[in-house]
Amino acid sequence: MVFSNNDEGLINKKLPKELLLRMLFSLLLNFTWSNPECTKYVHSIGLDSFCNVAWNILALDGSNWQRIDLFNFQTDVEGRVVENISKRCGGFLRKLSLRGCIGVGDSSLKTFAQNCRNIEHLNLNGCTKITDSTCYSLSRFCSKLKHLDLTSCVSITNSSLKGISEGCRNLEYLNLSWCDQITKDGIEALVRGCRGLKALLLRGCTQLEDEALKHIQNYCHELVSLNLQSCSRVTDEGVVHICRGCHRLQALCLSGCSHLTDASLTALALNCPRLQILEAARCSHLTDAGFTLLARNCHDLEKMDLEECVLITDSTLIQLSVHCPKLQALSLSHCELITDDGILHLSNSTCGHERLRVLELDNCLLITDVALEHLENCRGLERLELYDCQQVTRAGIKRMRAQLPHVKVHAYFAPVTPPTAVGGSGQRLCRCCVIL
């Protein structure tokens, strides 16, 4: 047994195996063993003899290295570190996160792909040096890959997606957020080969149009989560394609798709009854009519972001209150037609009493302290946003928190200038952000 009381080093008697592994990994990353000062440090804490026995066995046992996350070392990680890890772990490694490791490039990831052919989960978020070459390597050697995050890998093109579709057909999760060179041709190549995709994140892929979504409709019938944030060329036609082909959809982000109308909500209502999360911030053409139909058909809704859906009124809140008992988080920021009456219906509903955890009402100018009194019925409320709700007072917040002491309230009281007496000078009162 590696960690017995007979080992010369004392550290192994005090620390669990997991912590020893973390220390070993930190040493491997941060120390130069030829440096006399490093050697002196190792000797001073009793690691020298231990490293010759137990740590050597630890390091050589590939089964200890099935999951590695280098995020905490991101500024120190260079290509050679990844290459050494891949040689040490080999086929044992299943999950690797290189998130934020900007020093890692194509060459080291090719070595990694060759050595770690059983990798299933790979996070390359923010590895800005990588190009299509990395995806070619993954396609050639990593056929078991299921989860791939390429967020902000801005050199990735359609060629990468073609490669992935040919060699990584088991892929279930792909994040291409802010890879803005991707077009409909890349999406078509991807979905033809990776028909088991369950989550596809395309935030900031600004070249995508409705035709790309038609390809998803045709091939991704298992899709559960789709993110189209800031895909500003997408219209109702594209959303209709998705809804008709992806009936299992549970999470959809359309925030920033500013051309959408109630036709998109109608398609969701009629085709996606399992929908749980809808983010439609800044979709300013959506109205009560669309949300009414959605609420009446999608009873599993848990989270909705309706920020800057400026046309909706209390009518939408009434429908959500009646038909969506599982609602936990709701953003109505900048929905300036919402009033205390809408909050009354929400707080008196099943979701208000039992489920509601987060409510955002920033810049809802008609909301007053009366709404806060209604929210006292929401016993599970954890966070309330009230920035620039000009009719809400400190006293009103204080009264509500007396009934809901656990709730965190974020509010901003803008500077005001009070009336002054004739001949007097105005005094600017400082009213500031409060987190209670």
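Above: the structure in question.
If you're wondering where the values come from, they're calculated on a predicted model, not measured in any experiment.

Caption draft 1: Region of the structure containing the overall build of the chain. Helix and strand counts for the chain stand at 18 helices and 15 strands. Per-residue burial for the chain yields a buried fraction of 50% across its 436 residues. Of the accessible surface of the chain, which amounts to about 19800 Å², a share of 48% is contributed by carbon and sulfur atoms.

Caption draft 2: Seen up close, the environment of Thr261. By the secondary structure assignment, Thr261 is in the loop between strand S8 (251-253) and helix H12 (262-271). Judged by its relative accessible area of 29%, Thr261 is partly exposed. Sequence-wise, Thr261 and His285 are 24 residues apart; in three dimensions their C-alpha atoms are separated by 5.2 Å. In this structure, Thr261 is in contact with Asp236, His285 and Leu286, ignoring residues within four places of it in sequence.

Caption draft 3: A look at the side chain of Ser177. Looking at the secondary structure, you find Ser177 in the loop between strand S5 (173-175) and helix H9 (184-193). There is a polar contact of 3.0 Å between the side chain of Ser177 and the side chain of Arg203. Other than its neighbours up to four places away in sequence, Ser177 contacts Leu150, Thr151, Ser152, Leu201, Leu202 and Arg203.

Caption draft 4: Structural view of the packing of helix H5 (residues 79-89) against helix H6 (residues 106-115). Interhelical geometry of H5 versus H6 gives an angle of 5° and a closest axis separation of 8 Å. Comparing the axis directions of H5 and H6 gives the class roughly parallel. Where H5 approaches H6, its residues Gly79, Val82, Glu83, Ser86 and Lys87 are matched on the opposing element by Ser107, Ser108, Thr111, Phe112 and Asn115. Tallied by class, the residues present in the contact of H5 with H6 amount to two nonpolar, six polar and two charged.

Caption draft 5: Layout of the packing of aromatic side chains. This structure, assessed with the given rule, holds zero aromatic pairs. Just above the ring of Phe71 sits the side chain of Arg99; from NZ or CZ to the centre is 3.6 Å.

Rules used in this analysis
- Residues numbered from 1 in each chain as written.
- Predicted model: local features only at pLDDT ≥ 70, side-chain atom pairs only at ≥ 80, totals over all residues.
- Heavy atoms only, no water.
- Helix = DSSP H or I, 4+ residues; strand = E, 2+ residues; numbered from the N terminus.
- Buried < 20%, exposed > 50% of the residue type's maximum accessible area, 1.4 Å probe, protein only.
- Areas by Shrake-Rupley, 256 points an atom, 1.4 Å probe, with all protein chains shown as cover.
- Contact = heavy atoms within 4.5 Å.
- Polar contact = N/O pair within 3.5 Å; in protein donor to acceptor, adjacent residues only side chain to side chain.
- Axes fitted to C-alpha atoms, helices over the stretch in contact; angles between N-to-C directions.
- Parallel < 35°, antiparallel > 145°, perpendicular 65-115°, else oblique.
- Nonpolar A, V, L, I, M, F, W, Y, C, P; charged D, E, K, R; others polar.
- Phe/Tyr/Trp six-rings, centres within 6.5 Å; stacked < 30°, edge-to-face > 60°.
- Lys NZ or Arg CZ within 6 Å of the ring centre and 35° of its normal.

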